[in-house]
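Topology and contacts: notes
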Amino acid sequence: MEAVRYFVRMPAIDSNNRFDVVVVGGGPAGSTAAYHLAGSLDVLVVDKTSFPRHKACGGALIGCHDWPAEFPNYAEIQPHLRAHPNEHVCLHADRTPWWEGSGTHFFDHVHRYDFDDLLLRAALDKPGVSFRVFDVKSLNRLDNGLIQLSDGANVLEARAVVGADGVSSVVSREMGNAKRGKNEAGVRSEEHTSELQSH
């Protein structure tokens, strides 16, 4: 991982700032990652804002019928989640309807303020998981193999970093994802969780 190397007079790291895994992004992806990593690892979830938070993106959960079986954290929060089924969809192009469907359960709609907060709380209830408001500005892989994250004023160190803060984020770019153009999507991931579990 090539990284930014402009660290000037960074403070010494103490044990309160060193973790097995730092998960960057406290939304559904980050909370789910932390939930599953919990147990024998010291996991810190960081996000640039505190929770609960308002999120501009929609809350459509597509194909969520099987989620309780696939995602134990979703099964845990489901009784507390207000979800509204959507059985009618009309797609428009230039304000003209071009496809419409009814009578099928297309997705459930949830309020992201509640959904994200419930998922994060489920992760924080697991042993070894904590949360901090921390806006990652840069990453640097150290000679000892640790990854150093900075918000410009404070520093964290981790054996592994999970980027769950969007495809255009600092973490994503450090993983080698190119900046996406309009209407482009893509992601690259590196997973070595067995190495983490063995230490």
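Residues numbered from 1 in each chain as written. Predicted model: local features only at pLDDT ≥ 70, side-chain atom pairs only at ≥ 80, totals over all residues. Heavy atoms only, no water.

A word on the packing of aromatic side chains
In total, this model carries one aromatic pair according to the counting rule given. Considering the side-chain rings of Phe51 and Phe131, the 5.7 Å spacing of their centres and the 80° angle between planes classify their relative orientation as edge-to-face. Note that Phe51 is positioned in the loop between strand S2 (43-47) and strand S3 (60-62) and Phe131 in strand S6 (residues 129-133), a separation of 80 residues in sequence. Take Phe51: its relative accessible area is 16%, and that puts it in the buried class. Taking the relative accessible area as the measure of exposure, Phe131 reaches 23% and is therefore partly exposed. Directly above the ring of Tyr35 sits Lys126, whose terminal nitrogen or CZ lies 4.6 Å from the centroid. (Phe/Tyr/Trp six-rings, centres within 6.5 Å; stacked < 30°, edge-to-face > 60°. Helix = DSSP H or I, 4+ residues; strand = E, 2+ residues; numbered from the N terminus. Buried < 20%, exposed > 50% of the residue type's maximum accessible area, 1.4 Å probe, protein only. Lys NZ or Arg CZ within 6 Å of the ring centre and 35° of its normal.)

A few points about the environment of Phe131
Counting along the chain gives 87 residues from Phe131 to Leu44, while the straight-line C-alpha distance between them is 5.6 Å. Leaving out residues up to four positions away in the same chain, Phe131 has contacts with Leu44, Val45, Val46, Asp47, Thr49, Phe51, Leu120 and Leu124. (Contact = heavy atoms within 4.5 Å.)

Observations concerning the pairing of strand S4 (residues 83-93)
In terms of strand pairing, S4 meets strand S5 (residues 96-110) through 10 bridges, oriented antiparallel. Pairing of Val89 across the sheet is with Gly101, part of S5. Once S4 ends, the chain turns through two residues before running back antiparallel as S5, passing Asp94 with a positive phi of about 50°. (Pairing = 2+ DSSP bridges.)

A word on the sheet that holds strand S7 (residues 138-141)
The six strands lie next to each other as S6-S2-S1-S9-S8-S7, forming an open sheet whose pairing is mixed. On the outer flanks of this sheet lie S6 and S7, each paired with one strand and no other. If you compare each strand with its neighbour and ignore which way they point, the axes differ by 40° on average. Where S7 meets strand S8 (residues 147-150), four bridges bridge the pair, whose relative direction is antiparallel. Within S8, the residue paired with Ser138 across the bridge is Ser150. Sheet contacts for helix H1 (residues 28-37): strand S1 (18-24), S2, S6 and strand S9 (155-163); angle to S1, the most-contacted strand, approximately 150°. The strands touched by helix H4 (residues 112-124) are S2 and S6; relative to S6, the strand with the most contacts, the crossing angle is about 130°. (Axes fitted to C-alpha atoms, helices over the stretch in contact; angles between N-to-C directions.)

Quick word on H4
With 13 residues, H4 extends 18 Å between its outermost C-alpha atoms, agreeing within 8% with the 18 Å of an ideal straight helix rising 1.5 Å per residue. Those residues of H4 lying buried are Arg112, Phe115, Asp116, Asp117, Leu118, Leu119, Leu120, Ala122 and Ala123. (Expected span 1.5 Å × (residues − 1).)

Overview of a nonpolar patch on the surface
Taken together, Leu91, Trp98 and Trp99 make up a surface patch of nonpolar side chains, about 330 Å² in accessible area. With respect to the helices and strands, Trp99 occurs in strand S5. Among the residues examined, Trp99 registers a relative accessible area of 38% and is labelled partly exposed. (Patch = residues over 30% accessible without salt bridge, like charges linked within 9 Å, V, L, I, M, F, W, Y side chains within 5 Å. Areas by Shrake-Rupley, 256 points an atom, 1.4 Å probe, with all protein chains shown as cover. Salt bridge = Lys/Arg side-chain N within 4 Å of Asp/Glu carboxyl O.)

Focus: unusual backbone geometry
With an omega of 0°, the peptide bond between Phe51 and Pro52 qualifies as cis. For Pro52, the location among the structural elements is in the loop between S2 and S3.

Concerning the layout of surface pockets
Counted as a void, the second largest pocket has a volume near 480 Å³. Surrounding the second largest pocket, 22 residues form its lining, Gly25, Asp47, Ala164, Asp165 and Gly166 being those nearest its centre. Every element with two or more residues in the lining of the second largest pocket is listed here: H1 and S2. When grouped by side-chain class, the residues that make up the lining of the second largest pocket number eight nonpolar, seven polar and seven charged. (1 Å grid on protein atoms, 1.4 Å probe; cavity = no way out; pocket = protein on both sides within 12 Å on 5 of 7 lines; lining within 4 Å. Points joined across faces, edges and corners; volume = space filled by probe spheres on them. Nonpolar A, V, L, I, M, F, W, Y, C, P; charged D, E, K, R; others polar.)

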